[in-house]
Amino acid sequence: EMPWHLLEDILRTDGRARSMLAASIGRGEFADEVHLVEASSLPLMVALGEHDPFINRPYLEQISYTNLFQGEVAVIENAGHIIHGDPLADLDALLTTFVKSVS
């Protein structure tokens, strides 16, 4: 089940987006994201849904982040992959706390 507004967003997305992303990866046009988060001193929040079937949570939790918000990957309870669209997710409070901590 997906909120209607998210379905509208998906339908508005350029149909070439996935193939263009795959092509850029094939050409090596991407950054080493793990290196970036291990080396950057910028504040970073990583959040995922508790029931996300697509994200490897143990992998994300073992990365040596330099400046991870609250020192851990944030897990949104009762949320799946779309944490910003799940009505059960309390993402707003988490984002507010993060923004206040860096401003």
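A brief structural summary. Everything quoted here is computed from the prediction, not taken from an experiment.

A closer look at the side chain of aspartate 52
So, step 1. Topologically, aspartate 52 is positioned in the loop between β1 (47-49) and α4 (57-62).
So, step 2. The buried charged residue aspartate 52 lacks any salt bridge partner; its closest oppositely charged side chain belongs to arginine 57, at an N-O distance of 10 Å.
So, step 3. In terms of polar contacts, aspartate 52 uses its side chain to reach the backbone amide nitrogen of phenylalanine 54, at 2.7 Å.
So, step 4. Each residue touching aspartate 52, except ones within four places of it in the same chain, is listed here: Ala79, Gly80 and His81.

Considerations on unusual backbone geometry
So, step 1. The phi dihedral of glutamine 70 is positive, around 60 degrees, even though this residue is not glycine.
So, step 2. Judged by relative accessible area, which is 56%, glutamine 70 ranks as exposed.
So, step 3. One non-glycine residue with positive phi stands out, namely asparagine 78, at about 60 degrees.
So, step 4. By secondary structure assignment, the location of asparagine 78 is in the loop between β2 (74-76) and α5 (91-102).
So, step 5. Overall, the relative accessible area of 44% leaves asparagine 78 in the partly exposed class.

Section: the environment of alanine 22
So, step 1. For alanine 22, the position within the fold is in helix α2 (residues 17-26).
So, step 2. Sequence spacing of alanine 22 and threonine 66 is 44 residues, and the spatial spacing of their C-alpha atoms is 29 Å.

Parameters at a glance
Residues numbered from 1 in each chain as written. Predicted model: local features only at pLDDT ≥ 70, side-chain atom pairs only at ≥ 80, totals over all residues. Heavy atoms only, no water. Helix = DSSP H or I, 4+ residues; strand = E, 2+ residues; numbered from the N terminus. Buried < 20%, exposed > 50% of the residue type's maximum accessible area, 1.4 Å probe, protein only. Lys, Arg positive; Asp, Glu negative; His and termini not counted. Salt bridge = Lys/Arg side-chain N within 4 Å of Asp/Glu carboxyl O. Polar contact = N/O pair within 3.5 Å; in protein donor to acceptor, adjacent residues only side chain to side chain. Contact = heavy atoms within 4.5 Å.

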